[in-house]
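# Descriptive analysis of the structure
Read off the chains here:
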Amino acid sequence: MTDLRQLFQDELLDHYRHPRHAAPLSSPAVIIERAHRTCGDRVRVELEMDSRHRLALALRTTGCAVSTAAGSLLACRLQRLEPARAREELLRFSRAVES
């Protein structure tokens, strides 16, 4: 296996075993739940904004290793974005899950 492929596999396994931003929020302002029609994987996203307009999020998945790792990677990405951009990405993700 190539070094790059091994690195990618290790990264996915790490996010599957230790998903980031998976703890539920205390009082989310927005909750989005979606299920993939074909495989049945489920995702729940909770969002809240603090007084300084920083986004807090929780993203939990129920399903296969790839689904869990993808949710964790997405949560890490969304956490680094400005709230408006994070919203756009989340809407795109939500549409993709339902298709």
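The structure under discussion appears in the preceding block.
These remarks concern the structure in this document. (Residues numbered from 1 in each chain as written. Predicted model: local features only at pLDDT ≥ 70, side-chain atom pairs only at ≥ 80, totals over all residues. Heavy atoms only, no water.)

## Section: the nonpolar core
Residues V45, L47, L57, L59, L78 and L90 are the most contacted members of the largest nonpolar core, which totals 13 residues. Looking at this core, the elements with two or more residues in it are β2 (42–49), β3 (55–62), α2 (65–80) and α3 (83–98). When neighbours within four sequence positions are excluded, V45 is seen to be in contact with V30, I31, I32, A58, L59 and L90. (Core = buried A, V, L, I, M, F, W, Y, C linked by side-chain atoms within 4.5 Å. Buried < 20%, exposed > 50% of the residue type's maximum accessible area, 1.4 Å probe, protein only. Helix = DSSP H or I, 4+ residues; strand = E, 2+ residues; numbered from the N terminus. Contact = heavy atoms within 4.5 Å.)

## Focus on the pairing of strand β1 (residues 30–35)
Two strands pair when backbone bridges link them, and β1 and β2 are joined in this way by 6 bridges, in the antiparallel orientation. Residue pairing across strands places E33 opposite R44, the latter belonging to β2. Taking the residues between adjacent antiparallel strands as the criterion, β1 and β2 are bridged by 6 residues, where G40 takes a positive phi near 85°. (Pairing = 2+ DSSP bridges.)

## A look at α2
Between its first and last C-alpha, α2 extends 23 Å over 16 residues, near the 22 Å set by a 1.5 Å rise per residue. Tucked into the core, α2 has its buried residues touching α1 (3–17), β3 and α3. (Expected span 1.5 Å × (residues − 1).)

## Observations regarding the sheet that holds β3
Strands in a sheet are paired, the pairing made by backbone hydrogen bonds, and the direction either parallel or antiparallel. As summarised here, the arrangement of the 3 strands in space is β1-β2-β3, forming an open sheet in which the pairing is antiparallel. The open sheet is flanked by β1 and β3, the only strands paired with a single partner. Taken pair by pair, the neighbouring strands of this sheet meet at an average axis angle of 10°, ignoring direction. Bridge count between β2 and β3: 8 bridges; the pairing is antiparallel. Of the residues in β3, the one forming a bridge with E48 is A56. (Axes fitted to C-alpha atoms, helices over the stretch in contact; angles between N-to-C directions.)

## Structural notes on the side chain of E89
Along the chain, E89 falls in helix α3. Within polar-contact distance, the side chain of E89 engages the side chain of R92 at 2.5 Å. Setting aside residues no more than four positions away along its own chain, E89 makes contact with R77, L78 and L81. (Polar contact = N/O pair within 3.5 Å; in protein donor to acceptor, adjacent residues only side chain to side chain.)

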